[in-house]
Amino acid sequence: MSSPNQKAIRDRFVAFAFAASDFLIEITPKGIIVFSAGQVQTLTGQMQDELTGKNWLTYFTEESHGNLGALLKGVNRAGRLGPLMVNIKNQSTGKISRALVMGMTMPDSENIYLTFNATQSFFDFLAVGDHKDAKLLDGKQFEAAALKAFQEAKQKGKELEVTFLDAEQINEYKKGLSIEEANNFVDNFNTVLKEQSFQGNSASQVDGGKYALVHDSEITPDFIERKIKELVKRSGDEAQDIDLHSKTVEANLDTLNEREARRALIYTINQVEQNGLDAAGDNLAKGFDEYLDENAAKITRLKALVGQQAFKLHFQPIVFIPSEEICHYEALVRFETDVSPYELIVFGEDIGIAPDIDMAILKQAIGMLEVKRKEDPSIRVAVNISGQSIQSEVFFDKMIELLDDTEVDSQNILFEITESTAIGDLDKVNNLIQRLRVKNFEVCLDDFGAGAASFQYLNGLDIDCVKIDGKYIRDALNSARDEAMVRNLARMCQDLGVTTIAEMVETQEQLDYLVKIGVDKGQGWIFGKPEAKTDYRKRDV
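Residues numbered from 1 in each chain as written. Predicted model: local features only at pLDDT ≥ 70, side-chain atom pairs only at ≥ 80, totals over all residues. Heavy atoms only, no water.

Peer 1: What exactly am I supposed to notice about the sheet that holds strand S8 (residues 210-216) here?
Peer 2: Think of a sheet as strands paired side by side through backbone hydrogen bonds, with each pair either parallel or antiparallel. Reading across from one edge, S7-S8-S6-S9 is the order of the four strands in this open sheet, with antiparallel pairing throughout. The sheet is open, and its two borders are formed by strand S7 (203-207) and strand S9 (245-250), each paired with just one other strand. The average undirected angle you get between the axes of adjacent strands in this sheet is 25°. Where strand S6 (residues 160-166) and S9 come together, six bridges link them in antiparallel fashion. Bridging from a neighbouring strand, Glu161 pairs with Glu250 of S9. Contacting S6, S7 and S8, helix H8 (residues 179-196) runs over the sheet at an angle of about 30° to S8. (Pairing = 2+ DSSP bridges. Helix = DSSP H or I, 4+ residues; strand = E, 2+ residues; numbered from the N terminus. Axes fitted to C-alpha atoms, helices over the stretch in contact; angles between N-to-C directions. Contact = heavy atoms within 4.5 Å.)

Peer 1: I would appreciate a short explanation of the pattern of salt bridges in the present structure.
Peer 2: Pairing between side chains of opposite charge can happen when the charged atoms of each approach one another. Under the counting rule described, the total for this entry stands at 13 salt bridges. With a closest N to O distance of 4.0 Å, Glu393 and Lys428 form a salt bridge. With Glu393 in helix H15 (residues 393-404) and Lys428 in helix H16 (residues 426-437), this pair connects stretches of sequence that are 35 residues apart. The partner of Asp397 in a salt bridge is Arg435, and the shortest N-O contact between them spans 3.1 Å. Remark: Arg435 occurs in helix H16 and Asp397 occurs in helix H15; sequence separation between them is 38 residues. A residue is classified by how much of its surface remains accessible, and Asp397, at 38% relative accessible area, is partly exposed. Given a relative accessible area of 32%, Arg435 falls into the partly exposed group. Each of Glu330, Glu416 and Lys467 takes part in salt bridges that share partners, so that together they form one network. (Salt bridge = Lys/Arg side-chain N within 4 Å of Asp/Glu carboxyl O. Buried < 20%, exposed > 50% of the residue type's maximum accessible area, 1.4 Å probe, protein only.)

Peer 1: Looking at this model, I keep getting lost on the nonpolar core. Mind explaining?
Peer 2: For soluble globular proteins, the rule of thumb is that nonpolar side chains tend to be buried together. Ranked by internal contacts, the top residues of the largest apolar core, which has 105 residues, are Phe150, Met399, Ile413 and Phe415. In terms of residue count, the dominant contributor to this core is helix H14 (residues 354-372) (nine residues). With near-sequence residues (within four places) excluded, Phe150 lies in contact with Leu160, Val162, Val214, Ala251, Leu253 and Leu284. (Core = buried A, V, L, I, M, F, W, Y, C linked by side-chain atoms within 4.5 Å.)

Peer 1: Would you take a moment to explain the sheet that holds strand S13 (residues 413-417) for this structure?
Peer 2: With respect to topology, eight strands assemble into a closed barrel ordered S10-S11-S12-S13-S14-S15-S16-S17, the strand pairing being mixed. Here the strands of the sheet are splayed against their neighbours by 30° on average, with no regard to which way each runs. The sheet contact formed by strand S16 (residues 499-502) and strand S17 (residues 521-523) spans two bridges and is parallel. Within S17, the residue paired with Ala502 across the bridge is Gly522.

Peer 1: For this particular structure, what's the right way to read the packing of aromatic side chains?
Peer 2: For any pair of aromatic rings, the description rests on two quantities: the centre-to-centre distance and the angle between the ring planes. Counted by the stated rule, this structure contains ten aromatic pairs. When the ring centre of Phe347 is taken as reference, the NZ or CZ atom of Lys298 above it lies at 4.4 Å. Here the basic side chain of Lys529 rests over the ring of Trp525, its NZ or CZ set 4.3 Å away from the ring centre. (Phe/Tyr/Trp six-rings, centres within 6.5 Å; stacked < 30°, edge-to-face > 60°. Lys NZ or Arg CZ within 6 Å of the ring centre and 35° of its normal.)

Next up, the structure:
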């Protein structure tokens, strides 16, 4: 028998559940109902005990089965499911009730706990003003959401697809609507795409009347097209026949790393924009191969530039704050070409030769230091290592061998790890980093804050300093959010014993602010621009 306290706790949680929903069910992993409560008879047309033992799909329209099946495939321990819009079918009257379903799994049970809200006032609330977020993702947001979806799906063994939709006739259809009707239609159209997309937030307007969404493989393009056509009919034009075209691309990315997957996605989207849906190909992995084929000449040229070391190094000073005394220089590559070095380096990472670029730059930096240290034994230079290179044991072994074979030592050189490619195995990378630090080489985390995983890296990697991304330094005096970010990061690093470097310092006002919050070092045009020489002179102040 439950104690009074247990009963009070149970009643409290039941009250919470019904405050947010109308209908509750508990199902097994195979979709068999083991418990139901709430407006059972009103919504399903059957009594509560009649639902027990039935397959839950019985009580939903066939159009909702794909979404519900995808929902179950997304189950993971102690995780949230949904939100997802579905249609509940009354078995007695045939009435269809639209409902928002959300779910939860618990660590001590295999069952899934689901709540349904079918109250019209709830939908009215969602559909007004700022309460309805029907905006689709922009290009960069979609790119990030898609890559995150691919990673999560890979971990869970799920299969995802990317569907491109050509809905040019939608624009023509909207011309026949009033402004208010058109706005409502667009919101509902966007909502349909979002509802079918992975986790409800992986849909984007690619260009004009073209759209893209990442979704579970069980949700077919025909189903998406049918939902849109139903929307047109619900908008009051039964006779209107919208001609839609779609192309689905498999997102089987087992053979691609994160940067290659990003490039494959961008390339495929660009092809759709420029040449239409048929240019999308059959899968993203093939899209990356096509990208390589299309850029074969550029690849050959870049490999030649790297192999022949047809580039120069420029050096930008990094100074102590507030004394502005020289600390060290950062080596920045300048290719003998009119293409920006950033574009070529990113391209090199896309095609997998970042370790070759990094090794060539390191060799040239060491060659310069072997000469310069004879006249200035204290000279120090920071060399960049890409996120792609730092994860390669082959690269790391070659780098350690190169350092061991030169008289240049930890007094002359340090390393900055760039967040150009996501670092997967932090433990492995941290072990490699410690091989440098045990030889007294300092290691810095570059562009801190620019990537979503920066704080995860700081927690998982034992490093000596972080370089705060210049965007935050530039905006700190004009944005309370950026100012708080920089100030709290400086304080946190002080507590951790990690040195801070601020990049893109360009004004005295910025410098005064960095002195005030205790940032250790600075880099930027106020101290000196990148130059081919290393004879920095302190500015007049």
